[in-house]
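What follows is the residue order along each chain.
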Amino acid sequence: MTFQPVVPLSGYGGWRFLERTLDSQQEAFTNSQPIVRDTEYFRENIGNVQTAADLVSDRRLLSVALGAFGLDDDINSQFFIRKILEDGTSADDALANRMADNRYADFSAAFGFGDQTAPSTQTAGFADDIIGRYEVRQFEQAVGEQDNDLRLAMSVETGIADILSRNSSQAGQWYSVMGNAPMRNVFQTALGLPSSTSSIDLDQQLEIFQERSQAVFGTDSLADFSDPEQQETLVRMFLIRSEAAKFATSTGGSTALTLLQSVPSIF
């Protein structure tokens, strides 16, 4: 039986509880039998994988591989995933590089089928790296089954680190935020932007995100959000705004509107 995370509160209160209990809860989840079975199978068999075709043909291996990058929903898209892996990330026109969501490029680069003489599956420590990511992502998913906002908050640290590692330009980093569904949700909510923002011109969106970030957080540099204090402020703003928006939807009252309008003054 898989360990079910304990999430007694929603919003920022729930986040603080998770922060205090994260190590013990993550350990209990990681040691639950379904997770142990999946990770042991991956560790024992991934070294036999030489090609992208080998990986996508083994559903159990592919499940862990995709799950490590939060791409679980693509488990039935074997042709698409094989193309992502075989193209690699070196060429500008590689499929992963043409995807707005940077998680595909991270996934492809990690396995190295399209970019290296020998794939990463043959290197020492590779299985442990992927398993470590998988355990964290699966725990986040388990939390998300109870409270999706907390799942999104938990993904911030890794999400920002992955984006910064693959983009040297500030504009490229923000474009990756906008293309990464979890990160976009967090930033868009924290910045108080409506969902309709996604329908306007992409360059215009970039300006809006940067201008709002400067106004709300005092910086338009995504690299600044790798700082733990700034990251905590981002998460706090996201959770407070999200809770207030839900309250406004459920009550339709002016109190919720007042809360939403006053959020920036809390910081």
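Anything mentioned here points back to the structure above.
Residues numbered from 1 in each chain as written. Predicted model: local features only at pLDDT ≥ 70, side-chain atom pairs only at ≥ 80, totals over all residues. Heavy atoms only, no water.

*Asks:* I'd like to hear about the environment of Pro 194, residue by residue, with values.
*Replies:* As for its placement among the helices and strands, Pro 194 is situated in the loop between helix 12 (181–190) and helix 13 (202–217). For Pro 194, a relative accessible area of 46% puts it in the partly exposed group. Each C-alpha atom of the pair Pro 194 and Ser 77 lies 31 Å from the other, and the pair is 117 residues apart in sequence. (Helix = DSSP H or I, 4+ residues; strand = E, 2+ residues; numbered from the N terminus. Buried < 20%, exposed > 50% of the residue type's maximum accessible area, 1.4 Å probe, protein only.)

*Asks:* Give me the side chain of Asp 149: which residues, what numbers.
*Replies:* Topologically, Asp 149 is positioned in helix 9 (residues 148–154). Exposure remark for Asp 149: the relative accessible area of 10% places this residue in the buried category. Here Asp 149 is in contact with Phe 238, Leu 239, Ser 242 and Lys 246, once residues within four sequence places are set aside. (Contact = heavy atoms within 4.5 Å.)

*Asks:* Describe the environment of Asp 73, listing the residues and the values that go with them.
*Replies:* Looking at the secondary structure, you find Asp 73 in the loop between helix 4 (59–67) and helix 5 (78–87). On a C-alpha basis, the gap between Asp 73 and Asp 162 in space is 20 Å, while along the polypeptide they are 89 residues apart.

*Asks:* Account for the nonpolar core, naming residues and giving values.
*Replies:* Ranked by internal contacts, the top residues of the largest apolar core, which has 34 residues, are Phe 187 and Leu 234. Those elements giving two or more residues to this core turn out to be helix 1 (11–30), helix 8 (126–144), helix 9, helix 10 (156–166), helix 11 (170–179), helix 12, helix 13 and helix 14 (228–251). With near-sequence residues (within four places) excluded, Phe 187 lies in contact with Ile 160, Trp 174, Val 177, Phe 209, Leu 222, Phe 225 and Leu 234. If you look at the next biggest cluster of nonpolar residues, it comprises 30 residues, including Val 64, Ala 65, Ala 68 and Phe 126. (Core = buried A, V, L, I, M, F, W, Y, C linked by side-chain atoms within 4.5 Å.)

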